[in-house]
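So you can see what is in the structure, the chains are spelled out below.
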Amino acid sequence: MTGEPAGPASTGGTGLPEGTWHRLHPLSPVVRAGRGALAILVVLVLSTLGSGGNSGDPYRLAAIGVALVAGIISWLVTRWRVEDGVLRIESGLLRRTSQRFPLSQVQAIDTVRPGLARVLGLAELRLRMAGAKGSSGRLAYLTNPQAESLRAQLLALAHGVDQGAPAPPERRLLTVPTGQLVASLLLTGPGLVIEALVVGLLILTAIKPSAAGAVIGGGAASLLGGVGALWQRFNGDFRLTVAEAPDGLRLRSGLVETSAETIPRGRVQALRMTEPLLWRLFGWCRIEVDLAGKATSGRQNKSSRHAARALLPVGSHQQAAWLLDRVIPGAPQSLQRPPPRVRWKSPLRYRNLSWGLNDGYAVTTSGRVRRATDWVALSKVQSIREVQGPVQRRLKLVSIHLDTAGRNVHAVLRDPDRADGARILAALPEQCRAARARDRRVPHEQPPATGAAPIEQAVAE
Amino acid sequence: MPPRDLTTRPQRGSVSRRWLHWCDVAPFEEADGPGTQWARPSSRLRTLRRWEVGVLTGALLIVGVAIPLALAAVAVAVGVAVAILLAGLITDLFVGRRVRAWGYAEHREDLMVRRGVMFRRLSVIPYGRMQYIDVTAGPFERMFGLATVQMHTAAAASDAKIPGLPASEAARLRDQLSSLGESQAAGL
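Residues numbered from 1 in each chain as written. Chains lettered and ligands numbered in written order. Predicted model: local features only at pLDDT ≥ 70, side-chain atom pairs only at ≥ 80, totals over all residues. Heavy atoms only, no water.

1. Some words on the overall build of chain A
(1) Moving on: When you go through chain A residue by residue, the secondary structure sums to 13 helices and 19 strands.
(2) Moving on: A total of 461 residues make up chain A; the buried ones form 47% of that total.
(3) Moving on: Counting only contacts in chain A whose residues sit at least 6 apart along the sequence, the fraction spanning at least 24 positions is 58%. (Helix = DSSP H or I, 4+ residues; strand = E, 2+ residues; numbered from the N terminus. Buried < 20%, exposed > 50% of the residue type's maximum accessible area, 1.4 Å probe, protein only. Contact = heavy atoms within 4.5 Å.)

2. Details of the packing of helix 2 (residues 43-70) of chain B against helix 3 (residues 74-101) of chain B
Residue and element names in this part refer to chain B.
(1) Moving on: Put simply, helix 2 and helix 3 touch, their axes get as near as 9 Å, and they point 165 degrees apart. On the basis of their axis angle, the class for helix 2 and helix 3 is roughly antiparallel. Judged by the sense of rotation from one axis to the other, the crossing of helix 2 with helix 3 is right-handed.
(2) Moving on: Across the contact of helix 2 with helix 3, the residue classes break down as 16 nonpolar, five polar and four charged. (Axes fitted to C-alpha atoms, helices over the stretch in contact; angles between N-to-C directions. Parallel < 35°, antiparallel > 145°, perpendicular 65-115°, else oblique. Left-handed = near helix turned anticlockwise from the far one by under 90°. Nonpolar A, V, L, I, M, F, W, Y, C, P; charged D, E, K, R; others polar.)

3. Some points on the pattern of salt bridges
Residue and element names in this part refer to chain A.
(1) Moving on: Scanning all chains against the criterion turns up 31 salt bridges over all chains.
(2) Moving on: Among the salt bridges present, the one from glutamate 430 reaches arginine 433, with a minimum N-O distance of 3.1 Å. In this pair, glutamate 430 and arginine 433 are both assigned in helix 13 (residues 418-441), three residues apart and thus about one turn of the helix distant.
(3) Moving on: Taking the relative accessible area as the measure of exposure, glutamate 430 reaches 44% and is therefore partly exposed.
(4) Moving on: Overall, arginine 433 belongs to the buried group, its relative accessible area being 16%.
(5) Moving on: What emerges from the salt-bridge pattern is a single network uniting Arg79, Arg81, Glu83, Arg88, Glu90 and Arg96. (Salt bridge = Lys/Arg side-chain N within 4 Å of Asp/Glu carboxyl O.)

4. What about a nonpolar patch on the surface?
All names here are of chain A.
(1) Moving on: Together, Leu27, Val30, Leu38, Val119 and Leu120 make up a nonpolar patch on the protein surface, roughly 400 Å² of accessible area in all.
(2) Moving on: Sorting the residues of the nonpolar patch by element identifies helix 2 (28-50) and helix 4 (115-120) as the ones contributing at least two each.
(3) Moving on: With respect to the helices and strands, the residue leucine 27 is situated in the loop between helix 1 (8-11) and helix 2. (Patch = residues over 30% accessible without salt bridge, like charges linked within 9 Å, V, L, I, M, F, W, Y side chains within 5 Å. Areas by Shrake-Rupley, 256 points an atom, 1.4 Å probe, with all protein chains shown as cover.)

5. Topic: the interface of chain A and chain B
(1) Moving on: On the side of chain B, 27 residues touch chain A, which itself brings 31 residues to the contact.
(2) Moving on: Of the roughly 2,500 Å² buried between chain A and chain B, counting both surfaces, carbon and sulfur atoms make up 51%.
(3) Moving on: Applying the counting criterion to the chain A and chain B interface returns two salt bridges.
(4) Moving on: Counting every contact that joins chain A to chain B gives ten residue pairs in polar contact (both at pLDDT 80 or more).
(5) Moving on: Elements with a contribution of two residues or more to the side of chain A that touches chain B: strand 17 (383-388), helix 12 (390-394) and helix 13 of chain A. (Buried area = accessible area lost by both parts, 1.4 Å probe. Polar contact = N/O pair within 3.5 Å; in protein donor to acceptor, adjacent residues only side chain to side chain.)

6. Description of the pairing of strand 8 (residues 241-245) of chain A
Residue and element names in this part refer to chain A.
(1) Moving on: In terms of burial, strand 8 is a largely internal element, five of the five residues being buried.
(2) Moving on: In the sheet, strand 8 pairs with strand 9 (residues 248-253) via five bridges, with the strands oriented antiparallel. Bridge pairing in strand 9 links alanine 245 to glycine 248.
(3) Moving on: Hairpin connection of strand 8 to strand 9: two residues between the antiparallel strands. (Pairing = 2+ DSSP bridges.)

7. Some thoughts on the sheet that holds strand 4 (residues 130-136) of chain B
All names here are of chain B.
(1) Moving on: Read from one edge of the open sheet, three strands run 4-5-6, paired in antiparallel fashion. The two strands at the open ends of the sheet, each matched to only one other strand, are strand 4 and strand 6 (159-166). Going across the sheet, the axis of each strand differs from the next one's by a mean of 20 degrees, ignoring polarity.
(2) Moving on: Packing against the sheet, helix 2 makes contact with strand 5 (146-153) and strand 6, and its axis sits at approximately 95 degrees to strand 6.
(3) Moving on: Here helix 5 (residues 167-183) sits on the sheet in contact with strand 4, strand 5 and strand 6, set at roughly 140 degrees to strand 6.

8. Points about the pairing of strand 18 (residues 399-403) of chain A
Residue and element names in this part refer to chain A.
(1) Moving on: Of all five residues making up strand 18, five are buried, and the element is well covered by its neighbours.
(2) Moving on: Burial along strand 18 is two-sided: Ser399, His401 and Asp403 facing one way and Ile400 and Leu402 facing the other are all buried.
(3) Moving on: Judged from the five bridges that link them, strand 17 and strand 18 form a sheet pairing that is antiparallel. Note on strand 18: the bridge partner recorded for glutamate 386 is isoleucine 400.
(4) Moving on: Sheet topology places strand 18 next to strand 19 (residues 411-413); three bridges connect them, and they run antiparallel. The partner of histidine 401 across the bridge, within strand 19, is valine 412.

9. Brief notes about the sheet that holds strand 17 of chain A
(1) Moving on: Reading across from one edge, 19(A)-18(A)-17(A)-3(B)-2(B)-1(B) is the order of the six strands in this open sheet, with antiparallel pairing throughout. If you trace the sheet from one side to the other, it starts and ends with strand 19 of chain A together with strand 1 (103-106) of chain B, each paired once. The mean angle between the axes of side-by-side strands here comes to 15 degrees, regardless of whether they run parallel or antiparallel.
(2) Moving on: Sheet analysis places strand 2 (residues 110-115) of chain B next to strand 3 (residues 120-126) of chain B, joined by six bridges and oriented antiparallel. What sits directly across from arginine 114 of chain B, in strand 3 of chain B, is leucine 122 of chain B.

10. Topic: the nonpolar core
Residue and element names in this part refer to chain A.
(1) Moving on: Among the nonpolar cores identified, the biggest contains 36 residues, and Val242, Ile263, Leu271, Ile287, Leu311, Ile328 and Trp375 are the most heavily contacted of them.
(2) Moving on: The leading source of residues in this core is helix 10 (residues 317-327), at five residues.
(3) Moving on: The contact partners of valine 242, leaving out residues within four places of it in the chain, are Arg171, Arg172, Leu173, Leu174, Leu249, Arg250, Leu251 and Leu311.
(4) Moving on: In terms of nonpolar packing, the next biggest core, distinct from the first, is built from 22 residues, Val376, Val381, Leu413 and Cys432 among them. (Core = buried A, V, L, I, M, F, W, Y, C linked by side-chain atoms within 4.5 Å.)

11. Considerations on the packing of aromatic side chains
Residues and elements named next belong to chain A.
(1) Moving on: What the rule picks out here adds up to four aromatic pairs over all chains.
(2) Moving on: On the basis of an interplanar angle of 45 degrees and a centroid distance of 5.7 Å, the ring pair of tryptophan 231 and phenylalanine 234 is categorised as tilted. You can see tryptophan 231 and its partner phenylalanine 234 sitting in helix 8 (residues 209-237), three residues apart, about one turn around the helix.
(3) Moving on: With a relative accessible area of 14%, phenylalanine 234 lands in the buried category.
(4) Moving on: Joined through ring pairs, the aromatic side chains of Trp231, Phe234 and Phe238 make up one cluster. (Phe/Tyr/Trp six-rings, centres within 6.5 Å; stacked < 30°, edge-to-face > 60°.)

12. Overview of the environment of glycine 360 of chain A
Residue and element names in this part refer to chain A.
(1) Moving on: Within the secondary structure, glycine 360 sits in the loop between strand 14 (354-357) and strand 15 (361-366).
(2) Moving on: Along the chain, glycine 360 and arginine 438 lie 78 residues apart, while their C-alpha atoms are 9.4 Å from each other.
(3) Moving on: What glycine 360 contacts, discounting residues up to four positions off in sequence, is Val376, Ala377, Leu378 and Arg438.

13. Points about the side chain of aspartate 415 of chain A
Residues and elements named next belong to chain A.
(1) Moving on: Inspection of the secondary structure assignment puts aspartate 415 in the loop between strand 19 and helix 13.
(2) Moving on: Residue aspartate 415 is classed as buried on the basis of its relative accessible area of 0%.
(3) Moving on: Here lysine 345 takes part through its side chain, which lies 3.0 Å from a polar atom of the side chain of aspartate 415.
(4) Moving on: Ignoring anything within four residues of it in the chain, the contact list for aspartate 415 reads Pro338, Pro339, Val342, Lys345, Ser346, Leu353, Gln392, Leu397, Val398 and Ser399.

14. Let's talk about the environment of alanine 245 of chain A
All names here are of chain A.
(1) Moving on: Relative to the assigned elements, alanine 245 resides in strand 8.
(2) Moving on: Along the primary structure alanine 245 and leucine 27 are separated by 218 residues, whereas in three dimensions their C-alpha atoms are 32 Å apart.
(3) Moving on: Discounting chain neighbours no more than four positions away, the residues touching alanine 245 are Pro169, Glu170, Arg250 and Arg265.

Here it is in structure tokens:
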């Protein structure tokens, strides 16, 4: 091994020296093994001690030893370095893998800290790339100052900015109140199911206490599963703070496992606003942001595939409009409705259908029970499709799909009249081309610094 | 089947003809003006699809007739044979309509591909958005000298595929598309 491990002393300063190999933090294997391994370890140790100290369990000790050695080896053979705008990560003992991540193509950079890592002062850095195969660079784990400075350095490289520059100040846009977040979670799908279960159990206990015990025993597993899903959502959105910095949008959140995500300018593929049925009583909505590429690998895979990154987990329409104006200034305001005969085709959806188009953005609304509004920047449109099913043909309607590289949002102009649809389809490719050309001329345009006043005062990092 | 003009509306006559029109192929002339010239897959694709349907029908026929015959139920065997043949014929009709529905047009800055009879789709893909192009030819396609060209963009949903192109045309299209894609490439 030719690389020299990075001592904390050499990295505590302004930045990491470029071009030299670095190691991850020595405690990484422990954190990566996570709670599960910790629990097993505790059980093993306890049972070994509890068996009367006759040390008759060499197998258990051997298992622990093997796990330890495997962790140390994996740490020894993993190293990374930054050179020429490329992050290289090498890992593996028998099967060496060497990954290269060109920083100019980074879609987002996340700093994730699971509970255990926070206790130890460590953080994981994740680079999200646009690849379709879920390719993402993970550096797990680095010390906190190391992770911070490396993130700033990578972002500066990704933007082609001088990397010696101090971390730019950021403006906090908004933070979600915890009470509202809890209320909003209790008013959506999984929350409602759990509430129904609990209420049912309470009623059963009141009527026939003897039967309740058995039911509780049977339903406990599913209840726990639901609570787990709810917890994940709660933890992911807890005190989510949106901040605006010159290098992009910063999202920070988390109660136990915290994550900080930076979305460079011009990487937002699409936005979606959803309004579940019960939220509409309070005038609440949720805004999610869609990026290119697939969900990140690893443990976060499942949760991040289900729920896109929320820009606003829950908030009023006023907040939403204000935030949208910051992220996608100049989105179309006037919406067109489909012809009334669409009622025959989609009776539930009809009242939610509409669309709007201007030179920069397309906005579509849809949804049967909950209303979803999608914004797509025309400069991000990959392809345009016109689809017409048999019922639509009968009613002289079409649908126009706008495909982006994002993974969740897919804007569809549903059910315009065929003539309208044809006109839109004929004009759209040219509009998209013009938007792309504009985007190229002004690479990552900054939103106007004045105009909308921030809800909270600007804070310097 | 005799060729017939698919663009004009048939007279209001038999129910079956009206129904056929209902799910019929009409060009998307509105999309790009009436002047769009649609290139079609090779006529050998029709033959290939007919062979596929024929072989499948034949295999079903053998199984479907052999079992009742083994049980000495001749009437059943005849009934099954007629049903399978009829199904094969109808399938062939539908497959033929599907084949005729494919079309593509190369414009100055984007490629248009249309397909489908019941669910008609028309895709517009800017050359600059193409990430890569696949040319595949399965064993049966190769027997007929055909190939399938598929365009991929960064969006998973945009699926532009043109089956049944003569191998030379497929190669030309691939080269043409990739050179146009290079010259007009746009970032994400």
